[in-house]
Amino acid sequence: MAEQKQMGKIKVIVCQDKQEVAREGANIFAQAVRENPAIVMGLATGGTPVGMYKKLIQMHKEEALDFSRASSFNLDEYLGLSGDHDQSYRYFMDENLFNHINIDKSKTRVPDGKAQDTQMSCRKYEEDIRAAGGIDMQLLGIGSNGHIAFNEPGSGGDSRTRVVDLTEGTVRDNARFFEDGSQVPRKAVTMGIGTILEAKKIVLLATGSNKADAVTKAIKGSVSSAVPASFLQHHPDCTFIIDREAATGL
Ligand code: PGA
């Protein structure tokens, strides 16, 4: 059974294992979709959310969880990869979620990694989020260095959607997804921390001992751009769903 605790403004749900993290995360999203079928979801890529997406697909198939009126914005995309590249985040989202539920694909957005004018395209992403009425529920992972989306250490709390350089550590962490590790892009387009903090509700998932340090600093450390996830301490409605291994420092 998951154990809940309140740490400052952040609600922490500590689960037995990553399967329970996936279940808890999916239940929270499913309930939000049922309460507000026209929900604007903020979605994330990476290894962590895959189990939760599998659960949502199962709920769509077995319990008629209906995404037909939902829309979404993803956090980030590699710069230079088009949506049909098998390591692009657009491709990841199609494969791991969108192709298996009844969401209208034209209402799913991922930042454009191939935009001619990146500044304009970043500004437009922010405008599109605003025009959609803002993000109702934002899913996040956390990097082992405390990044959220691709907001690496040093990112300001008021940062907006922009092009960023990835740290060596992040490039290394992500190399496991690429056949040839030297192919990992070094730049990305990411929502800013300011963008993320405007979501009405935030749900962060973290599993495994390699996330324990980042989780501890995010929840208990001082709020600083050295640990981008620490800015979540200012958010009024943020829940961390983590497994026991990621919770060892709390
Ligand atoms: P991961 O990435 O889920 O693949 O560990 C999380 C992140 O870097 O935000």
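Quick notes on the rules
- Residues numbered from 1 in each chain as written.
- Predicted model: local features only at pLDDT ≥ 70, side-chain atom pairs only at ≥ 80, totals over all residues.
- Heavy atoms only, no water.
- Helix = DSSP H or I, 4+ residues; strand = E, 2+ residues; numbered from the N terminus.
- Rg over C-alpha atoms; globule rule 2.2 N^0.38 Å.
- Contact = heavy atoms within 4.5 Å.
- Areas by Shrake-Rupley, 256 points an atom, 1.4 Å probe, with all protein chains shown as cover.
- Lys, Arg positive; Asp, Glu negative; His and termini not counted.
- Charge placed at Lys NZ, Arg CZ, Asp CG, Glu CD.
- Near = heavy atom within 4 Å.
- Polar contact = N/O pair within 3.5 Å; in protein donor to acceptor, adjacent residues only side chain to side chain.
- 1 Å grid on protein atoms, 1.4 Å probe; cavity = no way out; pocket = protein on both sides within 12 Å on 5 of 7 lines; lining within 4 Å.
- Sits in = over half its atoms within 2 Å of the grid points.
- Nonpolar A, V, L, I, M, F, W, Y, C, P; charged D, E, K, R; others polar.
- Core = buried A, V, L, I, M, F, W, Y, C linked by side-chain atoms within 4.5 Å.
- Buried < 20%, exposed > 50% of the residue type's maximum accessible area, 1.4 Å probe, protein only.
- Points joined across faces, edges and corners; volume = space filled by probe spheres on them.
- Pairing = 2+ DSSP bridges.
- Axes fitted to C-alpha atoms, helices over the stretch in contact; angles between N-to-C directions.
- Salt bridge = Lys/Arg side-chain N within 4 Å of Asp/Glu carboxyl O.

J.: Before we go on, may I ask you to explain the overall build of the protein in this structure?
T.: Within the protein, the secondary structure is distributed over seven helices and eleven strands. Taking 2.2 N^0.38 as the reference for a compact globule, 250 residues should give roughly 18 Å; the C-alpha atoms of the protein span a radius of gyration of 17 Å, in line with that estimate. Seen through its principal axes, the protein has C-alpha atoms that stretch 45 × 40 × 35 Å. Within the protein, residue pairs in contact and separated by at least 24 positions form 76% of the contacts whose partners lie at least 6 positions apart. Approximately 11100 Å² of the protein is accessible, and the part contributed by carbon and sulfur atoms is 47%. Distance between charge centroids for the protein: 3 Å, based on 30 positive and 33 negative side chains.

J.: Mind showing me how you'd approach the site of the ligand here?
T.: Surrounding the ligand, one finds Gly46, Gly47, Thr48, Gly141, Ile142, Gly143, His147, Arg176 and Lys211. At 2.4 Å, a side-chain N or O of Thr48 approaches an oxygen atom of the ligand. Burial of the ligand by the protein amounts to 84% of the accessible area it has alone, namely 280 Å². At a threshold of 2 Å from the grid points, most atoms of the ligand map onto the largest pocket. Split by residue class, the shell around the ligand holds one nonpolar, six polar and two charged.

J.: Just to check I follow, could you spell out the nonpolar core for this structure?
T.: Soluble globular proteins tend to pack their nonpolar side chains together in the buried interior. Core analysis: the biggest nonpolar cluster contains 65 residues, and Leu56, Leu232 and Phe240 have the highest contact counts within it. Here this core gets seven residues from one element, more than from any other, and that element is helix H1 (residues 18–35). Listed in part, the eleven residues of the second largest apolar core include Leu81, Tyr89, Val110 and Phe178.

J.: What am I meant to see in the environment of Val40 here?
T.: With respect to the secondary-structure elements, Val40 resides in strand E3 (residues 40–43). Classification of Val40 by relative accessible area gives buried; the value is 4%. Taking the C-alpha atoms as reference points, Val40 and Tyr78, separated by 38 residues in sequence, lie 22 Å from one another. Beyond its immediate chain neighbours, meaning those up to four positions away, Val40 contacts Ser71, Phe73, Ala132, Gly134, Ile135, Asp136 and Met137.

J.: How should I be thinking about the layout of surface pockets in this particular structure?
T.: Gaps between atoms show up when a probe of the same size as a water molecule is rolled over them. Within this model, the largest pocket holds a volume of roughly 650 Å³. Looking at the lining of the largest pocket element by element, the count peaks at four residues for H1. In this model, the second largest pocket occupies a volume close to 160 Å³. Taken together, Gly46, Tyr78, Asp86, Gln87, Ser88, Tyr89, Tyr91, Phe92, Asn174 and Phe177 make up the lining of the second largest pocket. In the lining of the second largest pocket, the residues fall into five nonpolar, four polar and one charged.

J.: Would you explain the sheet that holds strand E4 (residues 71–74) in this entry?
T.: Picture the strands of a sheet paired through backbone hydrogen bonds; they go either parallel or antiparallel. Pairing is mixed in the open sheet, where eight strands are placed in the order E1-E2-E11-E10-E7-E3-E4-E6. Two strands bound the open sheet, and with one partner strand each, they are strand E1 (3–7) and strand E6 (108–109). In this fold H1 packs onto strand E2 (10–15), E3, strand E7 (137–140), strand E10 (201–206) and strand E11 (238–243), with an angle of close to 150° to the strand it touches most, E11. Strands in contact with helix H4 (residues 118–131) are E4 and E6; relative to E4, the strand with the most contacts, it is inclined by about 150°.

J.: Where do I start with the pattern of salt bridges in this structure?
T.: Two side chains that carry opposite charge are able to pair once their charged atoms sit near each other. One pass over the full model with this rule turns up 13 salt bridges. Here Arg34 makes a salt bridge to Glu63, at a shortest N to O gap of 3.2 Å. Residue Arg34 is found in helix H1, and its partner Glu63 is found in helix H2 (residues 50–63); the two are separated by 29 residues along the sequence. For Arg160, the salt bridge goes to Glu198, with nearest N and O atoms at 3.1 Å. A residue pair is termed long-range when its members are at least 10 positions apart, and Arg160 in the loop between E7 and strand E8 (162–165) and Glu198 in the loop between helix H6 (193–197) and E10 qualify at 38 residues. Using a relative accessible area of 51% as the deciding quantity, one classes Glu198 as exposed. When salt bridges with common partners are traced through the structure, they connect Glu126, Arg130, Arg160 and Glu198 into a single cluster.

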